[in-house]
Amino acid sequence: MATGTTPTTPAARGVLAPGRAAISAPHLRTDRWWLSPLVTATALTIFIIYATWRAFANGDYYSAPYVSPLYSPCLASNCTDMNGGADWHLFGAWWGLSPALLVLVFPLGFRLTCYYYRKAYYRGFWASPPACAVAEPHAKYTGETRLPLILQNVHRYFFYLALPVAGILTYDVVLAFRDEHGAWGHAGLGTLVMLVNIALIWAYTLSCHSCRHIIGGKLRHFSAHPVRYRLWGWVGALNGRHMLLAWSSLISVGVADLYVYLVASGVFDDPRFF
Amino acid sequence: MTHTAHFKVWRGDTDGGDLRDYEVEVNDGEVVLDIIHRLQATQAADLAVRWNCKAGKCGSCSAEVNGRPRLMCMTRMSVFAPDETVTVTPLRAFPVIRDLVTDVSFNYDKARQVPAFVPPKGVPAGEYRMQQVDVERSQEFRKCIECFLCQDTCHVVRDHEENKAAFAGPRFLMRIAELDMHPLDAAADQGLVRAASAQEDHGLGYCNITKCCSEVCPEHIKITDNALIPLKERAIDRKYDPLVWLGSKIRRRQG
Ligand code: SF4
Ligand code: SF4
Ligand code: FES
Ligand code: FES
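Reading the values: the criteria
- Residues numbered from 1 in each chain as written.
- Chains lettered and ligands numbered in written order.
- Predicted model: local features only at pLDDT ≥ 70, side-chain atom pairs only at ≥ 80, totals over all residues.
- Heavy atoms only, no water.
- Patch = residues over 30% accessible without salt bridge, like charges linked within 9 Å, V, L, I, M, F, W, Y side chains within 5 Å.
- Areas by Shrake-Rupley, 256 points an atom, 1.4 Å probe, with all protein chains shown as cover.
- Salt bridge = Lys/Arg side-chain N within 4 Å of Asp/Glu carboxyl O.
- Helix = DSSP H or I, 4+ residues; strand = E, 2+ residues; numbered from the N terminus.
- Buried < 20%, exposed > 50% of the residue type's maximum accessible area, 1.4 Å probe, protein only.
- Core = buried A, V, L, I, M, F, W, Y, C linked by side-chain atoms within 4.5 Å.
- Contact = heavy atoms within 4.5 Å.
- Pairing = 2+ DSSP bridges.

An unreviewed UniProt entry lists chain B under the name Succinate dehydrogenase subunit B, with Actinacidiphila paucisporea as the source organism.

Under an unreviewed UniProt entry, the name given to chain A is Integral membrane protein, and the organism recorded is Actinacidiphila paucisporea.

Pasting the structure below:
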């Protein structure tokens, strides 16, 4: 096949380039290096399929007092009435699609440009690289130096936008302490599910690398900013677990949505604690 | 306990080479470098290998063991099953010289391209005073032993020879981060914005934060989390954050 028609034949690239130790295997790893990108890609694909289905479904996202995190805030006039919840009909009747699509761009953009998810999908989906010291299949590589990937640099703006979104989801959780008629002092399994979810969402959001930078990382003299230094330390502690929080909050969002779906579609009744 | 291990060691030079098989004795507590030395002593007197401290501190004995960039002196034989073949090759991102020895001058060139610490005006050397909290970020990066395992494993240059001109590599981007976080560095007074220059002149944008440098660093420096990502954020301050950018322009005009 190598007829010399292309200037860089695959055989002459990267670790096979002239000058480097002549070893024909593109890598010599003997461990199961493919397992981690495979698991990552599979898990992300499952979530994407699930979330796409739910986002377009436009139904079974509210069962008083619980609202699915995928549908909050609900900004279209075709939203279910949520009894004091975050159903603000800012968009008129012209919006005929699922209201989830209006707000999901924010969490989607936040996670898509997240430094951890970038690593995850660059490795899992683009094989760039598939694993450390395993040759990547691409002939050229420019990383994040040009369009479109240079746009990853907007991550901090998605972080700013993620804060009000997390605030609204917190409000939803507060409302989950009312019963289905709006009377306070209720808690069901759904309340607990939402509570765990919002805790993980906040932990994920605050563990963001951009957050760590804004809170204190950008400073040169910590000694002159003792409060920010301390906050930077806390965010740093969370940041060390950013990958764990990215996955657990992704799963918790899915579980919270699934829970609301199951209750709203009548599969089972929400067990009530008090 | 002693057993006989099966080794494959790359032997060759710029003209080519191959993986050669060796059966060699292994004793309890030994590391890969011990075995390479035993090969030299018993079966391959002309085997070229670079080493120095045998304590994981000089950064000389970098090689790839079963395909993973590692220090041979810090890779215990006990991590391999007795019947496992252990393959040792030179670093595969750099030009080979002979056997396990590579030409790592790429790294020295890159090191020279990073502008040095700029002393603060009006403070005589020996009078520098810094608070511990202000230097501890940079100190993490000073643990570097310059083994260049990170440079070797980074796919930006490992898999793309043509990127070597534009990309300094994790070790030297980390050096820029170290100086940018240094409490006394006065580069900015001379008009050198280190974070912006990291992106414009040293190829920071090539890094896609996939963390292989951090994975292989024998000093366990969190290169990506503590140097590269913060450096990217600092570059964004200077280049893409309109508020910060405007602020810096105005302030500079005010002198
Ligand atoms: S994180 Fe960046 S510098 Fe480190 S190995 Fe990956 S691409 Fe290279
Ligand atoms: S940063 Fe770590 S891996 Fe890179 S040269 Fe220094 S010690 Fe080696
Ligand atoms: S880095 Fe992951 S959310 Fe910002
Ligand atoms: S011989 Fe010094 S680091 Fe291995």
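Let us look at a nonpolar patch on the surface. Residues and elements named next belong to chain A. Together, Leu 192, Leu 195, Val 196, Phe 273 and Phe 274 give the surface a local cluster of nonpolar side chains, amounting to about 470 Å² of exposed area. Along the polypeptide, Leu 195 turns up in helix α5 (residues 189-206). Judged by its relative accessible area of 38%, Leu 195 is partly exposed.

Time to look at the pattern of salt bridges. Two side chains carrying opposite charge are able to pair once their charged atoms lie near each other. Under the defined criterion, the tally for this structure stands at 28 salt bridges over all chains. Its salt-bridge partner being Asp31(A), residue Arg29(A) comes within 2.6 Å of it at the nearest N-O pair. Under the relative-accessibility criterion, Asp31(A) is labelled partly exposed at 26%. For Lys211(B), the salt bridge goes to Asp225(B), with nearest N and O atoms at 3.0 Å. One end of the pair, Lys211(B), is in the loop between α7 (194-201) and α8 (212-216); the other, Asp225(B), is in helix α9 (residues 223-239), with 14 residues separating them in the sequence. Take Asp225(B): its relative accessible area is 11%, and that puts it in the buried class. Connected through shared salt-bridge partners, Arg11(B), Asp46(B), Arg98(B) and Asp99(B) make up one network.

Let us now look at the nonpolar core. Counting 70 residues, the largest nonpolar core has Phe7(B), Val32(B), Ile36(B), Met72(B), Val88(B) and Leu173(B) as the members making the most contacts within it. Those residues in contact with Val32(B) that sit more than four places away from it in its chain are Phe7(B), Val65(B), Met72(B), Thr75(B), Met77(B), Phe80(B) and Val88(B). The next biggest cluster of nonpolar side chains, apart from the first, holds 26 residues, and it includes Ala100(A), Val103(A), Leu104(A) and Ala166(A).

On to the pairing of strand β4 (residues 68-71) of chain B. All names here are of chain B. Residues Pro 69 and Leu 71 point to one face of β4 and are all buried, whereas Arg 68 and Arg 70, pointing to the other face, are not buried. The pairing of strand β3 (residues 62-65) with β4 spans 4 bridges and is antiparallel. Considered in β4, the bridge of Val 65 is made with Arg 68.

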